[in-house]
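Here is how the chains run, residue by residue.
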Amino acid sequence: MKIALYNRDRNDGIEAVKLLLREKGATVVSYREDFSSYEDLPDDTDLFLSLGGDGTFLQSLTFVRDRGIPVAGINFGHLGFLTTVRADDAGWVDALLSGNYTVEERSLLRVTCAELPEDFYPFALNEVSLQRREASMLQVQVRIDGRELPTYWADGLVIATPTGSTAYNLSVGGPVVMPASEVMVIAPIAPHNLNVRPLVVPMDAGVELTFRTRGADALLTLDNRACELPTETTVSLARGRYGLRYVSLSNDNFIHALQTKLFWGEDRRNTNR
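Described in the following lines is the structure provided in the data block.

Thresholds applied
- Residues numbered from 1 in each chain as written.
- Predicted model: local features only at pLDDT ≥ 70, side-chain atom pairs only at ≥ 80, totals over all residues.
- Heavy atoms only, no water.
- Salt bridge = Lys/Arg side-chain N within 4 Å of Asp/Glu carboxyl O.
- Helix = DSSP H or I, 4+ residues; strand = E, 2+ residues; numbered from the N terminus.
- Buried < 20%, exposed > 50% of the residue type's maximum accessible area, 1.4 Å probe, protein only.
- Core = buried A, V, L, I, M, F, W, Y, C linked by side-chain atoms within 4.5 Å.
- Contact = heavy atoms within 4.5 Å.
- Pairing = 2+ DSSP bridges.
- Axes fitted to C-alpha atoms, helices over the stretch in contact; angles between N-to-C directions.
- Patch = residues over 30% accessible without salt bridge, like charges linked within 9 Å, V, L, I, M, F, W, Y side chains within 5 Å.
- Areas by Shrake-Rupley, 256 points an atom, 1.4 Å probe, with all protein chains shown as cover.

### Quick word on the pattern of salt bridges
Under the counting rule described, the total for this entry stands at 15 salt bridges. Between arginine 67 and aspartate 43 there is a salt bridge whose closest N-O contact spans 3.7 Å. Note that arginine 67 is positioned in the loop between helix H2 (54-64) and strand E4 (71-75) and aspartate 43 in the loop between strand E2 (27-30) and strand E3 (47-52), a separation of 24 residues in sequence. Using a relative accessible area of 25% as the deciding quantity, one classes arginine 67 as partly exposed. Judged by relative accessible area, aspartate 43 falls into the exposed class, the value being 70%.

### Looking at the nonpolar core
Counting residues in hydrophobic clusters, the biggest one holds 31 residues, and the most contacted among them are Val111, Val140, Val142, Ile186, Leu220 and Leu237. Residue contributions to this core peak at four residues, all from strand E10 (residues 138-144).

### Points about the environment of serine 250
Tracing the sequence through the fold places serine 250 in the loop between strand E20 (244-248) and helix H5 (254-261). Put simply, serine 250 and alanine 95 are 155 residues apart on the chain and 9.6 Å apart in space, counted from C-alpha to C-alpha. Serine 250 has contacts with Thr84 and Val85, leaving out every residue within four places of it along the chain.

### Structural notes on the sheet that holds strand E14 (residues 183-189)
With respect to topology, six strands assemble into an open sheet ordered E15-E14-E13-E9-E17-E18, the strand pairing being antiparallel. The open sheet has two free edges, formed respectively by strand E15 (199-202) and strand E18 (225-230), since each of these has just one partner strand. The sheet shows a mean angle of 20° between the axes of neighbouring strands, direction not considered. Bridging between strand E13 (residues 156-160) and E14 involves five bridges; their strand directions are antiparallel. Each bridged residue has a counterpart across the sheet, and for isoleucine 159 the counterpart in E14 is isoleucine 186.

### Structural notes on a nonpolar patch on the surface
On the surface, a cluster of nonpolar side chains totalling about 310 Å² of accessible area is made up of Met178, Ile255 and Trp264. Inspection of the secondary structure assignment puts isoleucine 255 in helix H5. Accessibility expressed as a relative area gives 33% for isoleucine 255, which makes it partly exposed.

Written out as structure tokens, the structure reads:
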């Protein structure tokens, strides 16, 4: 098995993982040493291994893109909601090399916009957001399959996939969505209208945003990548033509992850002190 190792921060633990994989018979190619981008990632890579936190995992998408290489995340960070096991958990290396894991297809969002920089990768696993950069709020016109919604007056909008529902979307009051759901969520950021709420729409809907602001521009983010857009810009979103093959090395289900990592439903009144 050929495994591509990707990490953004160097530490001794990552070197130990690399050594252990090689001792157990895997062929390992490493970021910086053997590849640096999508273009030079070896074509015969069997698995892409992200070593770090959720930010590192999200960046993995820009390397595998449309190749269909499964991506596994090993948590060297803090929360690690996208990473399925911690680096010090027993048995994950053997499970990985023996194929004792499941692969889930996670939907991506594709952004089309005339103002995107030429080298900007237009796919997102978690969310696409449009945010103000100056004091003035944004006036955002949203169309779903050509039908206009009431105008959003807000600091911005988050459009989240099911995978990203537990990330930025959750922090702005959007709903938690089961990963296999065929929907996306449109959630306003600090809306001026008190009667505006997050909206759940079909994943295959075409969403179009046009924004105006008294300021000079706004910030468009796709996961952890960003670019600036001038006022009056139109951004189109749709389901990506390919998804991400997400490797789960844990038997824990999504609900268990919500409880253990986000402490969903925890009530300190019912815990022993």
